[in-house]
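# Notes for the structure review
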Amino acid sequence: MYLAGTSLREPQVVDYKRVFSQLENDIPLVCVCGNHDIGNRPTHETIEAYRSTFGADYFSFWIGGVHCIVINTQYYKDGSLVQDLQQEQDAWLDLELKQTGYQHRVVFQHIPWFLQDATEEDDYFTIDRTTRLTYLDKFRASGVKTIFSGHYHRNAGGWYREVEAPVTSAIGAQLGNDESGLRVVTVNADAVSHKYYRLEDVPRTVDL
């Protein structure tokens, strides 16, 4: 993640593209937009810079029967300067959630709705409680079972009724007691399951 609007942006983008150009061609790379990409208070300029470099800041894709929805949560943290773009995402999201035929529906986003409990107080690392509950209810009513997020640089997460919301720590800098790592997600006919691994413990194969 680069620092939007600073001199560090361009060299970080160059390094990012150089590193991920080595990824095997049959491994899709999916980017989720966050605050270091477009700023804590995004503008039309930072959104356009992101889109021109990495592509859409919200989108969906299907893998088999799994409907994956990627949203830009910076709009909900502070969309005061881009209210029109937030409205566009919301209109798109409502249409997306009306789609049928999925076996599982999951959401990917940068900022968590909550860290432990959906009724917890507002925090820098979460979305305000009023907005949080509005969207959690929307997702729950539309069949979303898992919402994956990051931002916290620590592992956290909890449940909102039947919806699980794991928060994954960073592959880089840690702000707590976790170690750098990643979360491996396994999907089968009955469930979406996941486990966080330290980098040195990431398995070479995953049993389905």
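Relevant structure appears above.
### Focus: the layout of surface pockets
Here the largest pocket is characterised by a volume of approximately 2,100 Å³. Leu-29, Val-30, Cys-31, Val-32 and Leu-182 are, among the 46 residues lining the largest pocket, the residues nearest its centre. Among the secondary structure elements, those contributing two or more residues to the lining of the largest pocket are helix H1 (9-20), helix H3 (44-54), strand E1 (59-63), strand E2 (66-70), strand E3 (104-108) and strand E7 (181-187). In terms of residue count, E7 provides more of the lining of the largest pocket than any other element does, six residues in total. Broken down by class, the residue content of the lining of the largest pocket amounts to 31 nonpolar, 11 polar and four charged.

### What about the packing of aromatic side chains?
This structure, assessed with the given rule, holds 12 aromatic pairs. Residues Phe-125 and Tyr-152 carry aromatic rings whose centres are separated by 5.1 Å and whose planes lie at 80° to one another, so their mutual orientation is edge-to-face. One end of the pair, Phe-125, is in the loop between E3 and helix H6 (129-141); the other, Tyr-152, is in the loop between strand E4 (146-148) and strand E5 (156-160), with 27 residues separating them in the sequence. On the accessibility criterion, Phe-125 (15% relative accessible area) is buried. You can call Tyr-152 buried: its relative accessible area is 16%. Seen from the ring of Phe-125, Arg-154 lies directly overhead, with NZ or CZ sitting 5.3 Å from the centre. Here Arg-154 stacks its cationic end above the ring of Tyr-152, 3.9 Å away from the centre of that ring.

About the thresholds
Residues numbered from 1 in each chain as written. Predicted model: local features only at pLDDT ≥ 70, side-chain atom pairs only at ≥ 80, totals over all residues. Heavy atoms only, no water. 1 Å grid on protein atoms, 1.4 Å probe; cavity = no way out; pocket = protein on both sides within 12 Å on 5 of 7 lines; lining within 4 Å. Points joined across faces, edges and corners; volume = space filled by probe spheres on them. Helix = DSSP H or I, 4+ residues; strand = E, 2+ residues; numbered from the N terminus. Nonpolar A, V, L, I, M, F, W, Y, C, P; charged D, E, K, R; others polar. Phe/Tyr/Trp six-rings, centres within 6.5 Å; stacked < 30°, edge-to-face > 60°. Buried < 20%, exposed > 50% of the residue type's maximum accessible area, 1.4 Å probe, protein only. Lys NZ or Arg CZ within 6 Å of the ring centre and 35° of its normal.

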